[in-house]
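Inside the fold
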Amino acid sequence: MRELHAALRYLVFAGFVFSALMALASWLVRSRRVSPMRGLGRTLRAASDPVLRPVERRLLRLGGNPVNAGWWLVIGVAVAGVALLSLFDWAVRTFEWMYAAFTGGPRGILVVLIVAAYNVLFAALMLRVIASWFGFFRYSRWMRPAYLLTDWLVEPIRRMLPPTGTIDFSPLAALLALWVLQKLLLSLVL
């Protein structure tokens, strides 16, 4: 499993380096550091344009500047790489927890259920908080599940906390309460 994780890291790093080289090649030609009419400039454009053209189209549709497509590609590859590595780590940890649970008997299964419920609620709370920074709220189609999973915990805390202006501390307090509840349940089971 470690070899697969190392290979995945190298693959993500290679994708990041490739996207950075494509962005650099495009920037060199666009900023006229390399003449677009000479052989090197044409070669750099021929290599970078097929990679950057879809990003440029997407940026244009979203109202962005296509000149920055290379750097958006680098950022996108970096974020996707981190997400891919995190997802892989999560899958490995989940498999290890499941194996430990089923070899540990009923207590092990109960521990896995508590930890899994905590992880799902933690992810929903984090999604709720981060999405609110970008203007995705309760009635967004993609946010409804996160609100359904966390409203039972966040809303009572929101009513108890005093108003603090534009900053809502109730998800943070809910996260703390959820962590305490998980530790309490695990100490009762183990």
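Notes on the structure follow. (Residues numbered from 1 in each chain as written. Predicted model: local features only at pLDDT ≥ 70, side-chain atom pairs only at ≥ 80, totals over all residues. Heavy atoms only, no water.)

**Looking at the packing of aromatic side chains**
- If you walk through the whole model with that rule in mind, you get one aromatic pair.
- Taken together, a centroid distance of 6.0 Å and an interplanar angle of 25° make the contact between Tyr118 and Phe122 stacked. Of this pair, Tyr118 and Phe122 both sit in helix α4 (residues 105–133), four residues apart, which is roughly one turn of the helix.
- Using a relative accessible area of 14% as the deciding quantity, one classes Tyr118 as buried. (Phe/Tyr/Trp six-rings, centres within 6.5 Å; stacked < 30°, edge-to-face > 60°. Helix = DSSP H or I, 4+ residues; strand = E, 2+ residues; numbered from the N terminus. Buried < 20%, exposed > 50% of the residue type's maximum accessible area, 1.4 Å probe, protein only.)

**Structural notes on the nonpolar core**
- Core analysis: the biggest nonpolar cluster contains nine residues, these being Tyr118, Leu121, Leu125, Leu153, Val154, Ile157, Ala174, Leu175 and Leu178.
- Within the residue set of this core, elements represented by two or more residues are α4, α5 (144–160) and α6 (170–189).
- Beyond its immediate sequence surroundings of up to four residues, Ile157 is in contact with Ser170, Ala173, Ala174 and Ala177. (Core = buried A, V, L, I, M, F, W, Y, C linked by side-chain atoms within 4.5 Å. Contact = heavy atoms within 4.5 Å.)

**Thoughts on the packing of helix α2 (residues 39–61) against helix α3 (residues 69–103)**
- At a minimum axis separation of 9 Å, α2 and α3 run at an interaxial angle of 100°. As judged from the angle between their axes, α2 and α3 are roughly perpendicular. Facing Val51, Leu52, Val55, Glu56 and Leu59 of α2, the residues of α3 in contact are Ala69, Gly70, Trp72 and Leu73.
- Looking at side-chain class alone, the contact of α2 with α3 contains seven nonpolar, one polar and one charged residues. (Axes fitted to C-alpha atoms, helices over the stretch in contact; angles between N-to-C directions. Parallel < 35°, antiparallel > 145°, perpendicular 65-115°, else oblique. Nonpolar A, V, L, I, M, F, W, Y, C, P; charged D, E, K, R; others polar.)

**Quick word on the environment of Leu148**
- Looking at the element boundaries, Leu148 is found in helix α5.
- Looking at Leu148, the relative accessible area reads 70%, which means it is exposed.
- For Leu148 and Ser170, which are 22 residues apart along the polypeptide, the C-alpha to C-alpha distance reads 16 Å.

**Here we look at unusual backbone geometry**
- Positive phi values are uncommon outside glycine, yet Arg32 reaches one of about 65°.
- Mapped onto the fold, Arg32 is located in the loop between α1 (2–30) and α2.
- Classification of Arg32 as exposed rests on a relative accessible area of 60%.

**A look at the environment of Pro145**
- By the secondary structure assignment, Pro145 is in helix α5.
- You can call Pro145 partly exposed: its relative accessible area is 46%.
- Residues Pro145 and Leu178, 33 residues apart in the sequence, show an inter-C-alpha distance of 18 Å.

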